[in-house]
Amino acid sequence: RREVCSSCGASAMFYCPYCCLPVGVPAGVTVPRARLPFARCDIIFDDAPKKATSIHAKVLAPEQVRLIDLFTAEGNSNRTLSRRGAASKAETDKDASGDSLDLSVLREIPEYDPHITLVLFPDDSSATFEEVASQNGFGPPECITLVVIDSPWKRAQVLRKHPRLANLQSIRLGRPPSS
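Since the structure is predicted, the reported quantities are computational estimates derived from the model, not experimental observations.

Novice: Can you break down the overall build of the protein chain residue by residue, with the values?
Specialist: When its secondary structure is counted, the protein chain shows three helices and 10 strands. Listing the helices and strands of the protein chain from first to last along the sequence gives β-β-β-α-β-β-β-β-β-α-β-α-β. Residues classed as buried in the protein chain amount to 40% of the 179 residues present. Here the analysis covers contacts within the protein chain between residues at least 6 apart in sequence; of these, 70% occur between residues at least 24 apart.

Novice: Describe the pairing of strand β4 (residues 65–69), naming the residues involved and giving the relevant values.
Specialist: Burial of β4 is extensive: five of the five residues sit out of reach of the surface. Covered by surrounding structure in β4 are V65, L67 and D69 together with R66 and I68, the residues of both alternating faces. With five bridges connecting them, strand β3 (residues 40–45) and β4 associate as parallel partners. Paired with D42 across the two strands is R66, which belongs to β4.

Novice: Break down the pattern of salt bridges for me, with residues and values.
Specialist: One pass over the full model with this rule turns up nine salt bridges. As a salt-bridge pair, D42 and R40 come within 2.9 Å of each other at their nearest N and O atoms. Residue D42 shares its accessibility class with R40, and that shared class is buried. Within this structure, R40, D42 and R66 form a network of salt bridges that share partners.

Cut-offs used in this document
Residues numbered from 1 in each chain as written. Predicted model: local features only at pLDDT ≥ 70, side-chain atom pairs only at ≥ 80, totals over all residues. Heavy atoms only, no water. Helix = DSSP H or I, 4+ residues; strand = E, 2+ residues; numbered from the N terminus. Buried < 20%, exposed > 50% of the residue type's maximum accessible area, 1.4 Å probe, protein only. Contact = heavy atoms within 4.5 Å. Pairing = 2+ DSSP bridges. Salt bridge = Lys/Arg side-chain N within 4 Å of Asp/Glu carboxyl O.

Honestly, it's all geometry; don't read function into it.
Written as structure tokens, this is what we have:
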């Protein structure tokens, strides 16, 4: 059944697609938090928030997941992700070097370091994480930023060619689930 988000007032089931917070959690129940095996996960989002499949990551690992919302041009719209805007204490963390990471929602694709950033994308040049991790010169897993593109497939192919993503190594799932 649908519940009202305590942060923004939107009606949703399980989690608010705008605030990325769990909703309708019974008293005495704690929603588990996940610790991802890498430093950060950036989700490039280019679809309506209610169609998102990646917001679950922000709900379960808010300290490590940063959303990059390319779908909403206006930051004050009621149809944008994380309407709360500026980073809260829970959305600011430290990376492996001790620098602050702002995990609030971004509106454009940032510059990435190709030595510690991978894009989860099954293209012809993609390798498994294990294959990439064994290469010399690639950072340890706890320093890696994983970029995930969450959009319809045709748009994802265009986004993968974005100048700030094009030079990054693609990885694919080693054992993908059957379709």
